[in-house]
Amino acid sequence: MWALESLVEIIPRGLSASETVKRYTTPGALPLLRIPFDRIRQGVGDLVYSVNFDAVEVYNGHTMISYKNPRDILRNLRVPAVGGSDAHLLSEIALS
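The rules behind each value
- Every chain's residues receive numbers from 1 upward, in the order its sequence appears when written.
- With pLDDT at 70 or above as the cut-off, local features in this predicted model cover only qualifying residues; side-chain atom pairs require 80 or more to be listed or tallied, and sums for whole chains, interfaces and linings still use all residues.
- Water and hydrogen atoms play no part in the side-chain values, which are based on all heavy atoms of the structure.
- In the cavity and pocket records, a cavity denotes points on a 1 Å grid over the protein atoms alone where a 1.4 Å probe fits but cannot get out, a pocket denotes an open set with protein on both sides within 12 Å along at least 5 of 7 lines, and lining residues are residues with an atom within 4 Å of a point.
- Grid points are joined across faces, edges and corners, and a volume is the space filled by probe spheres set on the points.
- Every helix listed is a DSSP run of H or I at least four residues long, and every strand listed is a run of E at least two residues long, numbered separately from the N terminus.
- We call Asp, Glu, Lys and Arg charged. Ala, Val, Leu, Ile, Met, Phe, Trp, Tyr, Cys and Pro are nonpolar, and the rest, Gly among them, are polar.
- In this analysis, two residues are considered to be in contact whenever any of their non-hydrogen atoms come within 4.5 Å of each other.
- Being paired, for any two strands, means DSSP has found at least two bridges between them.
- Axis lines are fitted to C-alpha atoms, over the contacting stretch for helices. Their N-to-C directions set the angle, which ranges from 0 to 180 degrees.
- The cut-offs for exposure are 20% and 50% of the maximum accessible area for each residue type, with area from a 1.4 Å probe on protein chains only; residues under the lower value are buried, those over the upper are exposed, and the others partly exposed.
- What we call a nonpolar core is a set of buried Ala, Val, Leu, Ile, Met, Phe, Trp, Tyr and Cys residues that are connected through their side-chain atoms within 4.5 Å.

Trainee: It is not clear to me how the layout of surface pockets should be interpreted in this structure. Could you clarify?
Mentor: Once rolled over the atoms, a probe with the size of a water molecule shows which space is left empty. Of the volumes computed, that of the largest pocket is approximately 220 Å³. Residue lining of the largest pocket: 13 residues in total, with Leu32, Leu33, Arg34, Val44 and Phe53 positioned closest to the centre. Every element with two or more residues in the lining of the largest pocket is listed here: helix H2 (17-23) and strand E1 (32-34). When the residues that make up the lining of the largest pocket are grouped by side-chain class, the tally is nine nonpolar, three polar and one charged.

Next up, the structure:
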């Protein structure tokens, strides 16, 4: 079993998405892209098609407007989709 300290890697700001994903070399790390086409939280958009993420979050409880249909995104990527409540507060758990 690994100690938590051995699983923590500080990845510096300002790297390209591709370089950031490459830095996730810790066993058990999973480069996941959150809501790429979210209008409110400024997702990465079409970058989702050129960087090798292991999965893409296509919906969460805070997604209000996505300018592309999640099914279309996944049809073109063929990677696992994830989603959830994106709870930031205890009161938000299991609401979505």
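Trainee: What should I look at first to understand the side chain of Glu57 in this one?
Mentor: Along the chain, Glu57 turns up in strand E2 (residues 55-60). Leave out the neighbours within four places in its chain, and Glu57 touches Leu32, Leu33, Arg34, Ile35, Pro36, Val82 and Gly83.

Trainee: Which parts of the structure should I look at to understand the sheet that holds strand E3 (residues 81-84)?
Mentor: Within a sheet, each strand pairs with its neighbour through backbone hydrogen bonds, oriented either parallel or antiparallel. Taken together, three strands build an open sheet; the order of strands is E1-E2-E3 and the sheet is parallel. The sheet is open, and its two edges are formed by E1 and E3, each paired on a single side. Ignoring which end each strand starts from, the neighbouring axes of this sheet average 30° apart.

Trainee: Can you walk me through the environment of Phe37 in this structure?
Mentor: Mapped onto the secondary structure, Phe37 falls in the loop between E1 and E2. The class of Phe37 is buried, set by a relative accessible area of 1%. For the pair formed by Phe37 and Val48, sequence separation is eleven residues and the distance between their alpha carbons is 9.1 Å.

Trainee: How should the nonpolar core be read in this particular structure?
Mentor: Side chains of a nonpolar character, in soluble globular proteins, are inclined to be buried together. Grouped together as the largest cluster of nonpolar side chains are eleven residues: Val21, Leu33, Phe37, Val48, Val51, Phe53, Val56, Val58, Ile73, Leu74 and Leu77. Elements supplying a minimum of two residues to this core: E2 and helix H3 (70-77). Looking at which element gives the most residues to this core, the answer is H3, with three residues. Aside from chain neighbours lying at most four places away, what touches Val56 is Leu32, Leu33, Pro36, Val48, Leu77, Val79, Pro80, Ala81 and Val82.

It is worth stressing that arrangement in space is one thing and function is another; only the former is reported here.
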